[in-house]
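Listed below are the residues making up each chain.
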Amino acid sequence: MGSDGAFALVFSLLVSQSMSTDAPSAAQKINLRRPDIMTAVQAQVLSHYRSDLVERIRANGHILSAGELTIKLAKEFGFCYGVERAIDLAYAARRAYPDRRIFLLGEIIHNPEVNDQILRMGIVTIAGKPKDEEINQLTPNDIVIIPAFGTEVSTRKKLEAKGCQFVDTTCGDVMSVWKRVRQYSKDSVTSIIHGKAWHEETMATSSQARTSGRGHYLVVFTLAETDYVCDYILNGGNKQEFLEKFKGAYSEGFDPDVHLQAIGVANQTTMLRGETEEVQRRLRAAMVRRFGESEIANHFRFFDTICGATQDRQDALEKLLRNPLELLIVIGGYNSSNTSHLAEMGESKLPTYFIKNAAKMISDNSILHYDQHKHEEIETQNWLPKGNVTVGITAGASCPNNLIEDVIRRLLELRGLSVNQLLP
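Remember, it's a predicted structure, so these values are computed and weren't measured experimentally.

Calculation rules
- Residues numbered from 1 in each chain as written.
- Predicted model: local features only at pLDDT ≥ 70, side-chain atom pairs only at ≥ 80, totals over all residues.
- Heavy atoms only, no water.
- Helix = DSSP H or I, 4+ residues; strand = E, 2+ residues; numbered from the N terminus.
- Expected span 1.5 Å × (residues − 1).
- Buried < 20%, exposed > 50% of the residue type's maximum accessible area, 1.4 Å probe, protein only.
- Contact = heavy atoms within 4.5 Å.
- Polar contact = N/O pair within 3.5 Å; in protein donor to acceptor, adjacent residues only side chain to side chain.
- Patch = residues over 30% accessible without salt bridge, like charges linked within 9 Å, V, L, I, M, F, W, Y side chains within 5 Å.
- Areas by Shrake-Rupley, 256 points an atom, 1.4 Å probe, with all protein chains shown as cover.
- Salt bridge = Lys/Arg side-chain N within 4 Å of Asp/Glu carboxyl O.
- Lys, Arg positive; Asp, Glu negative; His and termini not counted.
- Charge placed at Lys NZ, Arg CZ, Asp CG, Glu CD.
- Pairing = 2+ DSSP bridges.
- Axes fitted to C-alpha atoms, helices over the stretch in contact; angles between N-to-C directions.
- pLDDT = per-residue confidence, 0-100.
- Parallel < 35°, antiparallel > 145°, perpendicular 65-115°, else oblique.
- Nonpolar A, V, L, I, M, F, W, Y, C, P; charged D, E, K, R; others polar.
- Core = buried A, V, L, I, M, F, W, Y, C linked by side-chain atoms within 4.5 Å.

### Thoughts on helix 12 (residues 308-320)
The α-helix winds at 3.6 residues per turn, so residues separated by three or four positions along the chain end up facing the same way.
Then, number 1: Taking 1.5 Å of rise per residue, 13 residues should cover 18 Å, and helix 12 covers 18 Å from first to last C-alpha, within 8% of that figure.
Then, number 2: Those residues of helix 12 lying buried are Ala309, Thr310, Gln311, Arg313, Gln314, Ala316, Leu317 and Leu320.
Then, number 3: Each element contacted by the buried residues of helix 12 is listed here: strand 4 (69-73), helix 11 (273-291), strand 13 (327-331), helix 13 (337-347) and strand 17 (389-395).

Pasting the structure below:
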């Protein structure tokens, strides 16, 4: 994972508390950086997710060569700061409150191994958007962890009404998008959000567009959907067809004839930067054609809110793909947005295998990997060429280094090699 300096961060939580027998009604700042907590948390996190092998390969120029096999790691991969922070806060909360019930809204991050580890610590998962029966089981003495993606405004209000305490691990980059969307809302500007309407982050961001009561939102996923919106802005169209096409991806009361007069582009932080930039370029061009360049400031806004870590990993993969490679392995959770985009980048260039762990590499002849078009795992035969082969490896921002090590060791094993013979 990232540098050990990440663990030297000052951890503190604003825990919202309501009146109970052992909790004051005022907000209380709880310091989780006490030595008795952070020493144990650091040791736990390192033991669960660190990889000495990955660090040794980094120090060796991100290359490991053995016999006819060469492995090249992207320069940036794996845990980002926001993910590290979310995991550290979850571990610290468990350490600070060993006897309290702790609940997690959905998944802390999109990685199954990490989420399983959180569950083994006695943290109970409830729905990311819990139903009333789940919320009714909570008490003011319970702690609720908000994941790195954030949560919807309505969910937070329901939990606040129950008096629950919060450990909020929402990523700072996500909150930056929320700030922009809330401003759009205050100014009666409709947020056009480039993202996946079903993704937890986009759902949380969308809810911010309604905080003032004046704003609306529309989520577009593809450039084809963007072009459809642009055409409607310029030429109008069948309103019912529009609403049916984007069902589930717009705010209650949204009217394309009314709410596309002034728009502001935002995005899910883990999308491809180039695609988000193209979305905003096409929408801006449509608004210029509709209202004129001199009036564009009254009808169009845009802020770059792509996560820096997401972009770093995409840039690093782009550089890796300039090298001669026979294949690319992308490691991460199948529901991880930033990881899926890394796989897309690879698929456009060379054979790419999106796997969640080393167990998917069944043999040198067979691999199970995720097909993003079919939304299921598929099996591919003859995936690892014989003879000289160079394999590129990258991983999403929610993938720990120990899983990357497992994949490297499995590759070597499939070639009859031992890592102990290769690096000092």
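### Quick word on unusual backbone geometry
Then, number 1: Even without a glycine there, the phi angle at Ser188 is positive, about 60 degrees.
Then, number 2: Positionally, Ser188 belongs in the loop between helix 7 (172-186) and strand 9 (190-194).
Then, number 3: The residue His375 is not glycine, and still its phi comes out positive at about 60 degrees.
Then, number 4: Relative to the helices and strands, His375 is located in the loop between strand 15 (366-371) and strand 16 (376-381).

### Re the side chain of Gln280
Then, number 1: Tracing the sequence through the fold places Gln280 in helix 11.
Then, number 2: A distance of 3.4 Å separates the side chain of Gln280 from the backbone oxygen of Glu277, its partner in a polar contact.
Then, number 3: Beyond its immediate sequence surroundings of up to four residues, Gln280 is in contact with Val265, Phe300 and Phe302.

### What to know about a positive patch on the surface
Then, number 1: Among the surface-exposed residues, Lys179, Arg180, Arg182, Lys186 and Arg214 lie close enough to one another that they form a single positively charged patch.
Then, number 2: Residue position: Lys186 is located in helix 7.
Then, number 3: We classify Lys186 as partly exposed; its relative accessible area is 49%.

### Overview of the sheet that holds strand 7 (residues 143-146)
Then, number 1: The strand order 6-5-7-8 describes an open sheet built from four strands, whose pairing is parallel. Strand pairing shows two members of the sheet lacking a second neighbour, strand 6 (124-126) and strand 8 (165-168), which therefore form its edges. In this sheet, adjacent strand axes meet at a mean angle of 30 degrees when their direction is disregarded.
Then, number 2: In this structure, strand 5 (residues 102-105) lies alongside strand 7, joined through three bridges in parallel fashion. Bridge pairing in strand 7 links Ile102 to Ile143.
Then, number 3: Contacts from helix 3 (residues 81-96) reach strand 5, strand 7 and strand 8 within the one sheet, and its direction differs from that of strand 8 by about 145 degrees.

### Observations regarding the confidence of the model for the protein
Then, number 1: When pLDDT is averaged across the protein, the result is 90; 92% of the residues are at 70 or more.
Then, number 2: Under a pLDDT of 50 for its full length, residues 1-29 has, in the predicted model, 64 contacts with residues more than four places off or in other chains.

### Topic: the packing of helix 9 (residues 223-235) against helix 11
Then, number 1: Packing of helix 9 against helix 11 leaves a shortest axis separation of 9 Å and a crossing angle of 10 degrees. In terms of orientation, helix 9 lies roughly parallel with respect to helix 11. Contacts from Leu223, Thr226, Asp227, Val229, Cys230, Ile233 and Leu234 of helix 9 reach helix 11 at Glu275, Glu278, Val279, Arg282, Leu283, Ala286, Met287, Arg289 and Arg290.
Then, number 2: Here the residues of the contact of helix 9 with helix 11 are counted per class, giving nine nonpolar, one polar and six charged.

### Overview of the sheet that holds strand 14 (residues 352-355)
Whether parallel or antiparallel, the strands of a sheet pair through hydrogen bonds between backbone atoms.
Then, number 1: With mixed pairing, five strands are arranged side by side in an open sheet as 3-4-17-13-14. The open sheet has two edge strands with one neighbour each: strand 3 (63-66) and strand 14. Across the sheet, the mean angle from the axis of one strand to that of its neighbour is 20 degrees, orientation sign disregarded.
Then, number 2: When strand 13 meets strand 14, the two strands line up parallel, connected through four bridges. Residue pairing in the sheet places Val330 in a bridge with Phe354 of strand 14.
Then, number 3: With respect to the sheet, helix 13 is in contact with strand 13, strand 14 and strand 17, its orientation differing from that of strand 14 by roughly 165 degrees.
Then, number 4: Against the sheet, helix 14 (residues 401-414) engages strand 3, strand 4, strand 13, strand 14 and strand 17, with an angle of about 165 degrees to strand 17.

### Quick notes on the nonpolar core
Soluble globular proteins: nonpolar side chains tend toward being buried together.
Then, number 1: Grouped together as the largest cluster of nonpolar side chains are 32 residues, with contacts concentrated most on Ile329, Trp383, Ile393, Ile408 and Leu411.
Then, number 2: Going through the elements one at a time, helix 2 (52-59), strand 3, strand 4, strand 13, strand 14, strand 17 and helix 14 are the ones with two or more residues in this core.
Then, number 3: Looking at this core, the element that brings in the most residues is helix 14, giving seven residues.
Then, number 4: The residues touching Ile329, leaving out its near neighbours within four places in the chain, are Tyr353, Ile355, Met361, Trp383, Val391, Gly392, Ile393, Thr394, Val407 and Leu411.

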